[in-house]
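Remarks on the overall topology
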Amino acid sequence: MDVISAAYDVVPFSDLLHRPAVTAGLLDQVRAVRLRRRDAGDLALMRIEQLDAEGAVVDFTARLLAGLVRRIGSETVREALPDAVPWVTFLPAADVDKFLSELVAVAQGAAALENLAPLAGLLTQWRHTAEVYADPVLLELVTNEPEGDFGPAPMPDPTEHDR
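The structure reproduced in this document is the subject of the present report. (Residues numbered from 1 in each chain as written. Predicted model: local features only at pLDDT ≥ 70, side-chain atom pairs only at ≥ 80, totals over all residues. Heavy atoms only, no water.)

**Regarding the pattern of salt bridges**
As enumerated under the stated definition, the model contains 8 salt bridges in all. The salt bridge involving arginine 63 is made with aspartate 59; its shortest N-O contact spans 2.9 Å. Here aspartate 59 and arginine 63 lie together in helix H3 (residues 48–72), a separation of 4 residues that amounts to about one turn. A residue is classified by how much of its surface remains accessible, and arginine 63, at 55% relative accessible area, is exposed. (Salt bridge = Lys/Arg side-chain N within 4 Å of Asp/Glu carboxyl O. Helix = DSSP H or I, 4+ residues; strand = E, 2+ residues; numbered from the N terminus. Buried < 20%, exposed > 50% of the residue type's maximum accessible area, 1.4 Å probe, protein only.)

So, in C-alpha cells, the structure goes:
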C-alpha cells in the first residue's frame, strides 16, 4: 500500500506537457496534483482509484446525514451543525431548518449524480445568507423596502440573451 504524504502538490501545467511521466509520478506521494494554469482555472490530476474513493466517502456521508435526520431527528442534527458550519449560528431558526432540509436533499442528489457542484453551491449560498444576517448594516440594506416608484421597467432586449 502506498503512503500518501500530502493532500496535493502544485506544479505548472507546462510540467505535465514537458515531463508527463515525472508529473504523473508525483501521484506516488500525493493524492492529487494541482496543475496551475496562467490564463485559466487550475486543473487536478489524480488516480481514478482516489476519485472513486472520494466519491464513495461523499455518498456515504450524504446517506449517513439523511439517516441521522430520519432516525434521531433533525433537531439533534441541527444542534451539531455549528460544528461543521460555524456560520449557521447567524441564521434565524427557520432558515437553519430550511438549510438542513436542503442540505440533506442536495447532498443525496449530488452524491447520486457524482457531481458535488450543487452541494458546493448550496453551501456557498447559505454562507452568504449567514453573512448578511451577521452584518446589521447589510441586513438593513437587504430587508428595507425602497422608497418611491422607480418607474416602468424596460422590456428586455431578446438579442441580449444570445450574447
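Once the structure has been displayed, the description carries forward.
**What to know about the nonpolar core**
Counting residues in each nonpolar core, the largest one holds 21 residues, and the members touching the most others are Leu81, Trp87, Val88, Leu91, Phe99 and Leu103. Ranked by residues supplied to this core, first place goes to helix H5 (residues 93–113) with 8 residues. Ignoring any residue separated from it by four or fewer positions in sequence, one finds leucine 103 in contact with Leu65, Leu81, Leu119, Leu122 and Leu123. Leu27, Val30, Val33 and Leu35 belong to the second largest nonpolar core, which has 5 residues in total. (Core = buried A, V, L, I, M, F, W, Y, C linked by side-chain atoms within 4.5 Å. Contact = heavy atoms within 4.5 Å.)

**Describing the pairing of strand S2 (residues 30–36)**
One ladder, built from 4 bridges, connects S2 with strand S3 (residues 43–46); its direction is antiparallel. Looking at the pairing, leucine 35 lines up with leucine 43 of S3. Following S2, the chain reverses through 6 residues before pairing antiparallel with S3. (Pairing = 2+ DSSP bridges.)

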